[in-house]
Amino acid sequence: MKVIVVGAGEVGYHLAEQLIKENKDVVLIDKNINKVKYAQTHLDCMVVKGEGTDMDIIRSLDIEKDDIFIAVTDSDEVNLITCFLVSSELKLKTKIARVRRLDYSRSNLLQNNYVGVDFVVNPELEAARSIVNTIQQGVTAGTTTFESGNLQLRDLFIHKDSILNGASVKDIRQKISEDYLITGILRKNDIIIPKGDTKVYEGDHLFVTGERDGVNRFLSKSGVIFKRLKHIVIVGGGRTGKFVAEYLASIDKNVKLIEKDYNKCKQIAEQIPDITVIHADISDESIFDEEDLGSFDLMLSVTDNEELNILTSVYAKESGIKKTISLVSKVNYLNMAAKLGIDSTISPKISSANAILKHIRKGNIKGVYSLFDGKAEIIEFTIQPKSKHKNVPIKNLALPKNSLIVAINRNNKNIIPDGNFILDEGDNLILFAKKSAIDKIEEFISK
């Protein structure tokens, strides 16, 4: 299967990088010579300089029916036109467009596939959904929720004074007796699928899976402090900030939004009258005293400048704000943010890639969730009536190396299984895997 990605910007490059790691045949197209040269020297795939709307280039790629076409340039119009042209000449099963403008995303033309787009991905909206989900969980740790029941995966950063520092997985189980599973450990740049004698150390990211209440009790017993989040300040009035502000206003939160662009402030104040909009530059530290921001429960830093987002969150913690969330894209910044005490980081490119990957995976996959710049994934899928895995104990499954079944939802009941658990038709499985195992995981799911 070939995947054609038009647009070598942040999302397109990241997506191509992840698909190459899965041994996919990727073609990356961009008109910018600098982006093309960078991709050619950093990615092991075909990189073509040209316009995505140039059908001579597209036809030269020998695209087949089961190939996938993804348009993720910075222009909504180019993405839509490119998909329309491809759809009019080629009978492709899957065509995906990155569309940032909500009026386009909500258009009946797109919903009815009149312009040849099968799936639409909105980066800002995907990031906003991730932020809302994190707020709903109390901003206690990075959170991934699944379609099956109320199962979730939480990412806990291990600080020096954590009671888990230096403990083995077996020791942690004895210390904290709840219904959970330690799914994986991110240590520097390596993902570890732990065994009982695997130890946890300062600087590790611990991935824990279970039902919300059980995981919350695990976090609480691990020393995580839960705070009620009523008073929230949002820094940045872009699309993501507006989406989150609309949601928070709808659930009766006390919200202040700070934006340095006067015209944006005026527009937001008219569109969301239930929040307080402040025209100010967050880099002017006097705003913290003038607006008494230190008394707030949560600050969201969601400007287009990720360095500013990190600095703002760090200063906010020093000023007394209890919880912080930063919009961050660079993977190095994701790790740095956790070490600096920022409670949660959201990456638009990862949120967008997750939404796209869900639509291009093989098999009966309900969800795909990329972790830490694609080093690992959580895949959610269903056991089909003709599946070879039906009526087989988990210990007898030929699971690919570097993968682990972490939870099962059966008849709306969530189960953390052991090796003797027997799979049945209709079971929804949540599987954790390192990136190197993804291509074999797809084969496993399809059986």
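Conventions we followed
- Residues numbered from 1 in each chain as written.
- Predicted model: local features only at pLDDT ≥ 70, side-chain atom pairs only at ≥ 80, totals over all residues.
- Heavy atoms only, no water.
- Helix = DSSP H or I, 4+ residues; strand = E, 2+ residues; numbered from the N terminus.
- Expected span 1.5 Å × (residues − 1).
- Buried < 20%, exposed > 50% of the residue type's maximum accessible area, 1.4 Å probe, protein only.
- Domains from an automatic or database assignment.
- Polar contact = N/O pair within 3.5 Å; in protein donor to acceptor, adjacent residues only side chain to side chain.
- Nonpolar A, V, L, I, M, F, W, Y, C, P; charged D, E, K, R; others polar.
- Core = buried A, V, L, I, M, F, W, Y, C linked by side-chain atoms within 4.5 Å.
- Pairing = 2+ DSSP bridges.
- Axes fitted to C-alpha atoms, helices over the stretch in contact; angles between N-to-C directions.
- Contact = heavy atoms within 4.5 Å.

Visitor: Just checking my understanding: could you explain unusual backbone geometry for this structure?
Guide: Here Asp62, not a glycine, exhibits a phi torsion of approximately 55°, which is positive. Backbone geometry at Asn402 places phi at a positive 65°, although glycine is not the residue there. Of note, Asn402 is situated in the loop between β19 (376-382) and β20 (403-410).

Visitor: Can you help me understand helix α1 (residues 10-21) in this one?
Guide: Because the α-helix completes a turn every 3.6 residues, residues three or four places apart line up on one side. In a regular helix each residue adds 1.5 Å, so twelve residues correspond to 16 Å; α1 covers 17 Å between its end C-alpha atoms and thus fits that length. Across the twelve residues of α1, nine count as buried, placing the element largely inside the fold. For α1, the set of buried residues is Val11, Gly12, Tyr13, His14, Leu15, Ala16, Gln18, Leu19 and Ile20. Backbone geometry just downstream of α1 places Asn23 in the positive-phi region, at approximately 65°.

Visitor: Could you clarify how one ought to interpret the domain arrangement of the protein in this entry?
Guide: It is common to give the size of an interface as the accessible area that goes away when the parts come together. According to the domain assignment, the protein consists of domain 1 (2-121), domain 2 (142-222), domain 3 (229-350) and domain 4 (353-446). Spacing between the C-alpha centres of domain 2 and domain 4 amounts to 19 Å. Inspection of the region where domain 2 meets domain 4 yields two residue pairs in polar contact (both at pLDDT 80 or more). When the residues that make up the side of domain 2 that touches domain 4 are grouped by side-chain class, the tally is nine nonpolar, eleven polar and five charged.

Visitor: I would appreciate a short explanation of the nonpolar core in the present structure.
Guide: General note: in soluble globular proteins, nonpolar side chains tend to be found buried as a group. Grouped together as the largest cluster of nonpolar side chains are 27 residues, with contacts concentrated most on Leu28, Leu43 and Ile70. When residues of this core are traced back to their parent elements, those giving at least two are β1 (2-6), α1, β2 (25-30), α2 (33-42), β4 (68-71) and α15 (348-360). The element contributing the most residues to this core is α1, with six residues. No fewer than three residues from each of domain 1 (2-121) and domain 4 (353-446) sit in this core. Formed by 23 residues, the second largest nonpolar core is a distinct cluster that contains Leu248, Ile268, Val302 and Ile325.

Visitor: Looking at this structure, I do not really get the sheet that holds strand β17 (residues 344-346). What am I missing?
Guide: Taken together, six strands build an open sheet; the order of strands is β14-β13-β12-β15-β16-β17 and the sheet is parallel. Two strands bound the open sheet, and with one partner strand each, they are β14 (276-279) and β17. Between one strand and the next, the sheet's axes are offset by a mean angle of 15°, whatever the strand orientation. Where strand β13 (residues 254-259) and β14 come together, four bridges link them in parallel fashion. Of the residues in β14, the one forming a bridge with Glu259 is His279. The strands that helix α10 (residues 239-250) touches are β12 (231-235), β13, β15 (298-301) and β16 (323-327); relative to β12, the one it contacts most, it runs at about 165°. With respect to the sheet, helix α13 (residues 306-318) is in contact with β12, β15 and β16, its orientation differing from that of β16 by roughly 175°.

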